Amino acid sequence: MNLLLHCGAKEATWDQLKQVETPEPTKTHCPIPHHNLYEMVTKVLEGFDFKITESQHGLTKDGNRYFGLLQLESDHLKDWKPVCGLRNSHDKSISAGLVFGLSVMVCDNLSFYGDLFQFDRKHTAHINKDLIER
């Protein structure tokens, strides 16, 4: 599993991810903390009996953009090791996103691909509710 960070992003720890300040929401832009996106996704994955065996995080643009990868395993998929990719921004540059599959690409050049599932959600009102439902 390799998070591709070559356009200015740096690898980040979980503690660094939690320390990134999230801008206050406006009428039209409701950013979510990067670590909240990660926690929402992990909670949903665990609900589907996936275990996270490895994770990688990257930050760029002074913490305004987040990129992450989660290596997964499940008793239901003995021979396969799916991967979940995440991205998020505080600077309106990209939507909150999730990709999932056996072939996943997450790069700080904004390449974002998953062969089984891809989802993006703009940072507008009700983003937290919509992310969990979808």
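What you see is a predicted model, and the numbers here were worked out from it, not measured in a lab.

Explain the pairing of strand β3 (residues 65–73) residue by residue, including any values.
Consecutive side chains along a regular strand alternate between the two faces of the sheet. Of all nine residues in β3, eight are buried, a share of seventy percent or more. Where strand β2 (residues 51–60) and β3 come together, nine bridges link them in antiparallel fashion. Counterpart to Ile-52 in the pairing with β3 is Leu-72. The hairpin formed by β2 and β3 contains four residues between the paired strands, and Lys-61 there has a positive phi angle of roughly 55°. Two elements, β3 and strand β4 (residues 83–89), share seven bridges in a ladder whose sense is antiparallel.

Now, about the nonpolar core: what can you tell me, with residues and values included?
Generally speaking, a soluble globular protein has its nonpolar side chains buried in company with each other. Grouped together as the largest cluster of nonpolar side chains are 22 residues, with contacts concentrated most on Val-41, Leu-45, Leu-70, Leu-72, Cys-84, Leu-86 and Leu-131. Elements that contribute at least two residues to this core include exactly α2 (34–47), β3, β4, β5 (96–101) and α3 (127–133). In terms of residues, this core owes the most to one element, α2, which gives five residues. In this structure, Leu-3, Val-83, Val-99 and Phe-112 belong to the second largest nonpolar core, which totals eight residues.

Report on the pattern of salt bridges, specifying residues and quantitative values.
Applying the stated criterion across every chain yields a total of four salt bridges. Put simply, Asp-75 and Lys-51 hold a salt bridge, and the shortest N to O gap is 3.8 Å. Of this pair, Asp-75 sits in the loop between β3 and β4 while Lys-51 sits in strand β2; the two residues are 24 residues apart in sequence, bridging distant segments of the chain. Under the relative-accessibility criterion, Lys-51 is labelled partly exposed at 42%. Between Arg-87 and Asp-120 there is a salt bridge, with its nearest N and O atoms 3.6 Å apart. Placement of Arg-87 in strand β4 and of Asp-120 in strand β8 (residues 117–121) is noted, with a sequence separation of 33 residues between them. The class of Arg-87 is buried, set by a relative accessible area of 11%. Exposure remark for Asp-120: the relative accessible area of 34% places this residue in the partly exposed category.

Explain the confidence of the model for the protein residue by residue, including any values.
Looking at the protein as a whole, its pLDDT mean stands at 92, while 99% of the residues score no less than 70. Per-element confidence in the protein ranges from a low mean pLDDT of 75 for α3 to a high of 97 for β4.

Tell me what's going on with a nonpolar patch on the surface, and back it up with residues and numbers.
Together, Trp-80, Leu-102, Leu-116 and Phe-117 line one region of the surface with nonpolar side chains, adding up to about 420 Å² of accessible area. Mapped onto the elements of the fold, Phe-117 is located in strand β8. Here Phe-117 falls in the partly exposed class, since its relative accessible area comes to 34%.

Explain the side chain of Gln-71 to me, using residue names and the numbers behind them.
You can see Gln-71 is positioned in strand β3. Residue classification places Gln-71 among the buried residues on the basis of a relative accessible area of 13%.

Tell me what's going on with the sheet that holds β3, and back it up with residues and numbers.
Strands sit in the order β1-β2-β3-β4-β5-β8 across an open sheet of six strands; the sheet is antiparallel. The sheet is open, and its two borders are formed by β1 (10–12) and β8, each paired with just one other strand. Averaged over all pairs of adjacent strands, the angle between strand axes in this sheet comes to 20°, irrespective of strand direction. Here α2 sits on the sheet in contact with β2, β3, β4 and β5, set at roughly 150° to β4.

Cut-offs used in this document
- Residues numbered from 1 in each chain as written.
- Predicted model: local features only at pLDDT ≥ 70, side-chain atom pairs only at ≥ 80, totals over all residues.
- Heavy atoms only, no water.
- Buried < 20%, exposed > 50% of the residue type's maximum accessible area, 1.4 Å probe, protein only.
- Helix = DSSP H or I, 4+ residues; strand = E, 2+ residues; numbered from the N terminus.
- Pairing = 2+ DSSP bridges.
- Core = buried A, V, L, I, M, F, W, Y, C linked by side-chain atoms within 4.5 Å.
- Salt bridge = Lys/Arg side-chain N within 4 Å of Asp/Glu carboxyl O.
- pLDDT = per-residue confidence, 0-100.
- Patch = residues over 30% accessible without salt bridge, like charges linked within 9 Å, V, L, I, M, F, W, Y side chains within 5 Å.
- Areas by Shrake-Rupley, 256 points an atom, 1.4 Å probe, with all protein chains shown as cover.
- Axes fitted to C-alpha atoms, helices over the stretch in contact; angles between N-to-C directions.
- Contact = heavy atoms within 4.5 Å.

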